[in-house]
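One letter stands for each residue in the lines below.
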Amino acid sequence: MKTFFLSDRGKVRQHNEDNGGVFYNGANQVLAVVADGMGGHQAGDVASKMATELIQKYWEDTTSIQTPEEAEKWLKSHIILVNEQLFQHSKAHPECEGMGTTLVVAVISDEFITIAHIGDSRCYTVENKSIQLSTEDHSLVNELVRSGQISREDAEFHPRKNVLLRALGTDLHAQIDVKTVSNDTLTYLLLCSDGLSNKVTCDEILEGIVKDVPIDEKGSTLVSLANQNGGEDNITLILIDLESVQTESGGR
């Protein structure tokens, strides 16, 4: 498979508090990570960087994952470990008090893809010319939509759109969602921070992905579009071509 990772500061923010990368374990299996830090000053940078580097280390120390059950167990246990370390770090360093990060992680095998997430960073799957959101935002606005209090259209312009109900590192106990999808017919996988999903529609994402251009051009075009549409936030994405043979990887 081919992979492409890009993290961009955007047009407004002074610092990039996003992080992520594509990493490999002992069996050369792929793990993709996107983290969007929060907490002000440099605390968001610290949270997303710590989360990414810890997950990377744990993955590189892992021999192999054979089944969806193993992948789900691995993700749950190691993300809980990361959460505890972030929380303890924030308590031990006053300058990092209140720091946290979103996290979306995917274990990718030929047969299945296991996705874990907390916060509002997202994972999309593409099958031929159809795109599907595979994660559910842990945000106040999404909860209002789910309970029928506001419409999807109202959610786009809600003043509290960025309020999260869950994040990594903000509490000693983290509630993580984990799911496995079949990789039989999928063509692309996209992980991204809300700097992309808030500025580029599903249809625009799909249009960019299915274009007959190299994978780095597909990803770069999506980030450029988010910037053209305002670029008020940091923008990070990982795009994975599940049908290709050659692998290109990177991490921040």
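Residues numbered from 1 in each chain as written. Predicted model: local features only at pLDDT ≥ 70, side-chain atom pairs only at ≥ 80, totals over all residues. Heavy atoms only, no water.

Looking at the secondary structure, you find Ser 193 in the loop between strand E10 (188-192) and helix H5 (194-197). A distance of 2.9 Å separates polar atoms of two side chains, one belonging to Ser 193 and the other to Asp 18. Setting aside chain neighbours within four positions, we find Ser 193 in contact with Asp 18, Val 34, Asp 36, Ser 121, Asn 234, Ile 235 and Thr 236. (Helix = DSSP H or I, 4+ residues; strand = E, 2+ residues; numbered from the N terminus. Polar contact = N/O pair within 3.5 Å; in protein donor to acceptor, adjacent residues only side chain to side chain. Contact = heavy atoms within 4.5 Å.)

A few words now on the sheet that holds strand E7 (residues 122-127). Read from one edge of the open sheet, 5 strands run E1-E11-E10-E7-E8, paired in antiparallel fashion. Looking at which strands have only one partner, the edges of the open sheet turn out to be strand E1 (2-8) and strand E8 (130-133). The mean inter-strand angle of the sheet, taken between neighbouring strand axes irrespective of direction, is 15 degrees. Where E7 and E8 come together, 4 bridges link them in antiparallel fashion. Paired with Val 126 across the strands is Ile 131, a residue of E8. Sheet contacts for helix H7 (residues 215-228): E1, E10 and strand E11 (235-241); angle to E11, the most-contacted strand, approximately 155 degrees. (Pairing = 2+ DSSP bridges. Axes fitted to C-alpha atoms, helices over the stretch in contact; angles between N-to-C directions.)

For Gln 29, the location among the structural elements is in the loop between strand E2 (18-24) and strand E3 (30-38). Assessed through its relative accessible area of 16%, Gln 29 is described here as buried. From its side chain, Gln 29 meets the backbone oxygen of Ile 65 in a polar contact 2.7 Å long. If we ignore the near neighbours within four places in the chain, the residues touching Gln 29 are Phe 23, Tyr 24, Trp 59, Ser 64 and Ile 65. (Buried < 20%, exposed > 50% of the residue type's maximum accessible area, 1.4 Å probe, protein only.)

A separate point is the packing of helix H6 (residues 202-210) against H7. Put simply, H6 and H7 touch, their axes get as near as 8 Å, and they point 150 degrees apart. Taken together, the axes of H6 and H7 are roughly antiparallel relative to one another. Viewed along their axes, H6 and H7 form a crossing whose handedness is right-handed. From H6, Glu 204, Ile 205, Gly 208, Ile 209 and Val 210 reach across to H7, where they touch Lys 218, Leu 222 and Leu 225. (Parallel < 35°, antiparallel > 145°, perpendicular 65-115°, else oblique. Left-handed = near helix turned anticlockwise from the far one by under 90°.)

The pLDDT averaged across the protein works out to 93; a share of 95% of its residues lies at or above 70. Confidence drops under pLDDT 50 across residues 246-250; counting only partners more than four residues distant or on other chains, this segment forms 16 contacts. (pLDDT = per-residue confidence, 0-100.)

Take the packing of aromatic side chains next. Describing an aromatic ring pair means giving the distance of the ring centres and the angle of the ring planes. According to the stated counting rule, one finds 1 aromatic pair in the structure shown. Aromatic pair Trp 59 and Trp 74: ring centres 5.0 Å apart, planes at 85 degrees, arrangement edge-to-face. Of this pair, Trp 59 sits in helix H1 (residues 43-60) while Trp 74 is found in helix H2 (residues 68-92), placing the two residues 15 residues apart along the sequence. (Phe/Tyr/Trp six-rings, centres within 6.5 Å; stacked < 30°, edge-to-face > 60°.)

This part is about H2. For H2, which comprises 25 residues, the first-to-last C-alpha distance of 36 Å matches the rise-based estimate of 36 Å (1.5 Å per residue) to within 8%. Those residues of H2 not exposed but buried are Ala 71, Trp 74, Leu 75, His 78, Ile 79, Val 82, Asn 83, Leu 86, Phe 87 and Ser 90. (Expected span 1.5 Å × (residues − 1).)

Should their charged atoms come close, side chains of opposite charge can pair. Applying the stated criterion across every chain, the model contains 7 salt bridges. Residue Lys 57 is joined to Asp 61 by a salt bridge in which the shortest nitrogen-to-oxygen separation is 3.1 Å. Of the charged contacts in the structure, one is a salt bridge between Glu 232 and Lys 199, with a shortest N-O distance of 2.8 Å. Placement of Glu 232 in the loop between H7 and E11 and of Lys 199 in the loop between H5 and H6 is noted, with a sequence separation of 33 residues between them. (Salt bridge = Lys/Arg side-chain N within 4 Å of Asp/Glu carboxyl O.)

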